Amino acid sequence: MDFSLKTDTAGDILWTTAKCAVVIGAGSVSACVVGQCVCSVTRYLMRNREYKDLAPRKGVMPFVRAFAAREGKDKGLDGLLEDWRDPEHPDQFLEVVDVGPDFEGRRVVGVNQPAAIAEVLADPDKYPKSPFYETLVEMVGHGLVTSSGALWQRQRKLLTPLFHFSTLKAVHKFMTRNADRLVQQLQDKAAKSTDGTTIGKHDISALTLRVMCDAAFARCEFDVDWLVWAWEKVNGYPMFWMGRHLLGHAWMYVPLPSGLGVQILVKRMRRRIINEIARRRAAGSVDVRGEEAKDLLDELLAVGNMPDKQIVDEALTFLVAGHETTSNLVSWTLYFLSKHPDVQGKVQSEIDDLGGRPITFDELPKLEYLRCVLKEVMRVRPIVPFVDRLLKEPLTVNGITLPKGTIVWLNFMAVQNDARYWPAPSVFRPERWMEGTEGTSQPMAHSDAFLPFSAGPRNCIGQKFAMQEAQVIISSLLRSFSVSLDGKDRVMPLLSLTVAPANLALRVTKRDA
Ligand code: HEM
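Residues numbered from 1 in each chain as written. Predicted model: local features only at pLDDT ≥ 70, side-chain atom pairs only at ≥ 80, totals over all residues. Heavy atoms only, no water.

Looking up the protein chain in an unreviewed UniProt entry gives the name Cytochrome P450, with the organism given as Vitrella brassicaformis. Listed in UniProt under the heading Cofactor (unreviewed entry), the comment for the protein chain reads: "heme". (UniProt positions renumbered as here; feature names shortened; annotations may be inferred.)

Structural data, given as structure tokens:
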């Protein structure tokens, strides 16, 4: 860069000022990074001896691998799991594993023991959520996922009834309507080709987003299509914010242009929801229970005494917690059904027995085998592979005491694939869930070894919603179609906030074809 000061025109002055601003900006960011690194390394080294009982870890930064699935080079999340196997018993996992420091120098330790996991999850005061969750605040404020202490306790109590029978029955129509719309689109596409059509992760994700937006905001005056569009733009950004957070607090304030664009969109979304709340309050439609058109926003308003900002936070929390998770469950299930045509056939027979029309809410309990399939998918491939907590009190696992201040990864993925709790854990076998079936009943050795929706007071509030939606979507698709892998199996587990099947492409063929 040329820094000579030519002041003959106003343009030159402006240009020189801009160049100086870039240099000063870059200098400040570099200073932040260096400062952050020095603080993190110092913190890490000072506390290192408190972890002397931990076995040496493999690699420098094992957890970076979890976020990198590169075909042919890295197995993504599965690579990390391989590192945690017990070398003496390869079908089991080590109970305590050193993951290394995070970017702020705190020690991260993987805990793979059901009893210790249960102990941590049972006490959110002693073992609260880790600071990673703060990264979501920018997007969803202080809703159920991100709040803690008294606020969380109050909100959890108020919101639990929202996921009871009557609401689930009321939102069923949004699930069937949108699933049937996707089936119709696939039928139209398939009609133009002799060998069916394809479906990928994006189609399922668009569907579950639409269901969540309808369920939460169907009665809104603003255009739900706009919300779906805006959410798709914003959706990838928790990882962006998380990345910045991982690099230390200072980075949260670096105004990167793409981040700013997303922040503006989030503000616009919040403004529209606030206006809608004002409209509904003014119209006096606060208590609308029992109305055909009610949505989750009505339910939130009916709870009473909840400030408008809190209602917006909770509504956006449902979108962030309920859309990608369910989309990944449906996508992984279709993947496993493609790999196991015999299981797919059994699911189709069960659906056919219900008369070849969209499944009603009351008929859901009859899809027993499909529920076993969903559970088996979540066992082998948990959508949320681990959750992290900050130890405010020491925790002893397998004779090793982890000190206060440690971040623990409670590793659902490991315990659900460990031979101590699951016979032949790598075999995909939905029948293991069918209690009482002679010769196939395999009760779990440990009741805490299946945690797809976590456990304890902070377990998933939307788990019944998710199971219902997955059942509706899969039954709608498999009533008309069969699914198979489209070419070579290139699917890999890729971790963002949840685990997605990267490279998923499935061929969809009409069943009567
Ligand atoms: C297959 C789908 C789903 C899976 C696998 C899943 C999994 C989980 C897990 C593991 C947690 C605990 C997170 C933690 O402690 O860090 C959680 C919490 C939560 N989930 Fe889900 N979830 C799913 C669907 C949904 C849906 C559909 C909704 C809402 C409509 C939802 C709303 C929430 C909320 C609000 C929390 C926070 C609860 C609290 O802290 O009190 N989830 N979920």
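The rest of the description comes next.
A. Representation of the pattern of salt bridges in the model. One pass over the full model with this rule turns up 24 salt bridges. Here Glu276 makes a salt bridge to Arg279, at a shortest N to O gap of 2.7 Å. Taken together, the residues Glu276 and Arg279, both in helix 11 (residues 257-282) and 3 residues apart, mark about one turn of the helix. Overall, the relative accessible area of 3% leaves Glu276 in the buried class. Among the ionic pairs, Arg281 bridges to Asp308, the shortest N-O distance being 2.7 Å. Taken together, the positions of Arg281 in helix 11 and Asp308 in helix 13 (residues 308-322) put the pair 27 residues apart, joining distant regions of the chain. By relative accessible area, which is 27% here, Asp308 ends up partly exposed. In this structure, a network of salt bridges that share partners links the residues Arg219, Glu276, Arg279, Arg280, Asp295 and Asp298. (Salt bridge = Lys/Arg side-chain N within 4 Å of Asp/Glu carboxyl O. Helix = DSSP H or I, 4+ residues; strand = E, 2+ residues; numbered from the N terminus. Buried < 20%, exposed > 50% of the residue type's maximum accessible area, 1.4 Å probe, protein only.)

B. Structural view of the UniProt feature "binding site: heme" (unreviewed entry) in the protein chain. Taking the numbering used here, the UniProt-annotated feature "binding site: heme" (unreviewed entry) corresponds to Cys460. Within the secondary structure, Cys460 sits in the loop between helix 17 (412-415) and helix 18 (463-480). The partly exposed category is assigned to Cys460, whose relative accessible area is 30%. Aside from chain neighbours lying at most four places away, what touches Cys460 is Arg156 and Phe453. (Contact = heavy atoms within 4.5 Å.)

C. Just the packing of helix 14 (residues 324-339) against helix 15 (residues 341-352), in detail. Two elements in contact, helix 14 and helix 15, have axes whose closest approach is 5 Å; the angle formed by their N-to-C orientations is 115°. One finds that helix 14 runs roughly perpendicular with respect to helix 15. Facing Leu337, Ser338 and Lys339 of helix 14, the residues of helix 15 in contact are Pro341, Val343, Gln344 and Val347. The residue makeup of the contact of helix 14 with helix 15, split by class, is 4 nonpolar, 2 polar and 1 charged. (Axes fitted to C-alpha atoms, helices over the stretch in contact; angles between N-to-C directions. Parallel < 35°, antiparallel > 145°, perpendicular 65-115°, else oblique. Nonpolar A, V, L, I, M, F, W, Y, C, P; charged D, E, K, R; others polar.)

D. Quick peek at the packing of aromatic side chains. What the rule picks out here adds up to 12 aromatic pairs. Note on Tyr335 and Phe336: the rings are 5.5 Å apart at their centroids and 70° apart in plane angle, and the pair reads as edge-to-face. A relative accessible area of 10% means that Phe336 is categorised as buried. Ring centres of Trp433 and Phe450 lie 4.6 Å apart, and the angle between their planes is 55°; on these two criteria the pair is classed as tilted. Taken together, the residues span a long stretch of sequence, with Trp433 in the loop between helix 17 and helix 18 and Phe450 in the loop between helix 17 and helix 18 at a distance of 17 residues. When sorted by exposure, Trp433 lands in the same class as Phe450, which is buried. Each member of the aromatic cluster is reached from another via a ring pair, and the members are Trp332, Tyr335, Phe336 and Phe428. Across the ring face of Phe174, the terminal group of Lys173 is positioned such that the distance to the ring centre comes to 4.8 Å. (Phe/Tyr/Trp six-rings, centres within 6.5 Å; stacked < 30°, edge-to-face > 60°. Lys NZ or Arg CZ within 6 Å of the ring centre and 35° of its normal.)

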